[in-house]
Amino acid sequence: QVQLVDSGGGLVQRGGSLRLSCAASGRTFSSYTMGWFRQAPGKEREFVATINWSGGSTYYADSVKGRFTISRDNAKNTVYLQMNSLKPEDTAVYYCAATKGGLRVIVARLYDSWGQGTQVTVSS
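None of the values given here were measured: they were computed from a predicted structure.

Asker: Is there a simple way to think about the overall build of the protein chain in this case?
Answerer: What the protein chain contains, in helices and strands, is zero helices and 11 strands. Listing each helix as α and each strand as β along the protein chain from the N terminus yields β-β-β-β-β-β-β-β-β-β-β. A compact globule built from 124 residues should have a C-alpha radius of gyration of about 14 Å, and the protein chain, at 13 Å, falls within 12% of that. For the C-alpha atoms alone, the extent of the protein chain along its principal axes is close to 40 × 25 × 25 Å. Within the protein chain, contacts between residues separated by at least 24 positions form 59% of all contacts whose residues are at least 6 apart in sequence. As displayed, the protein chain offers around 6300 Å² of accessible surface, 47% of which is attributable to carbon and sulfur atoms. For the protein chain, the separation between the mean place of its 14 positive charges and that of its 8 negative charges on side chains is 4 Å.

Pasting the structure below:
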């Protein structure tokens, strides 16, 4: 397993941008599909985006497609989530996660490792 530490959250106005980072420890980072999930108060954890081991393929939830971009730097053991055109409904705790599954694994319980989460708040 890898250990994950999320960072980069904060308070931003509608239409603004944030970039989240997830630093991984361990020599096997490049073998994992990485994902971002989010959880708003009173709601279930939901899938946001995934990226395959090489960074060559990505997959997004419809709600963020065209606004968010997931990327990774295997040399730095880090995955990123660039969030643009933020909306109040994007407010949530964001978590990165690692799985040995494929790009379209969007079920949270199939992920092996999780970051601690970082809060994103979008004001209107």
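From this point, the discussion proceeds with the structure in view.
Asker: Which parts of the structure should I look at to understand the nonpolar core?
Answerer: Note that soluble globular proteins tend to have their nonpolar side chains buried in a common cluster. Grouped together as the largest cluster of nonpolar side chains are 34 residues, with contacts concentrated most on Met34, Trp36, Val79, Leu81, Met83 and Tyr94. Of all elements in the fold, only β3 (18–25), β4 (33–39), β5 (46–51), β7 (68–73), β8 (78–83), β9 (92–99) and β11 (118–123) reach the threshold of two or more residues within this core. Here this core takes five residues from β9, the largest share from any one element. Leaving out residues up to four positions away in the same chain, Met83 has contacts with Gly16, Ser17, Leu18, Leu20, Arg67, Phe68, Tyr94 and Val120.

What counts as what
- Residues numbered from 1 in each chain as written.
- Predicted model: local features only at pLDDT ≥ 70, side-chain atom pairs only at ≥ 80, totals over all residues.
- Heavy atoms only, no water.
- Helix = DSSP H or I, 4+ residues; strand = E, 2+ residues; numbered from the N terminus.
- Rg over C-alpha atoms; globule rule 2.2 N^0.38 Å.
- Contact = heavy atoms within 4.5 Å.
- Areas by Shrake-Rupley, 256 points an atom, 1.4 Å probe, with all protein chains shown as cover.
- Lys, Arg positive; Asp, Glu negative; His and termini not counted.
- Charge placed at Lys NZ, Arg CZ, Asp CG, Glu CD.
- Core = buried A, V, L, I, M, F, W, Y, C linked by side-chain atoms within 4.5 Å.
- Buried < 20%, exposed > 50% of the residue type's maximum accessible area, 1.4 Å probe, protein only.

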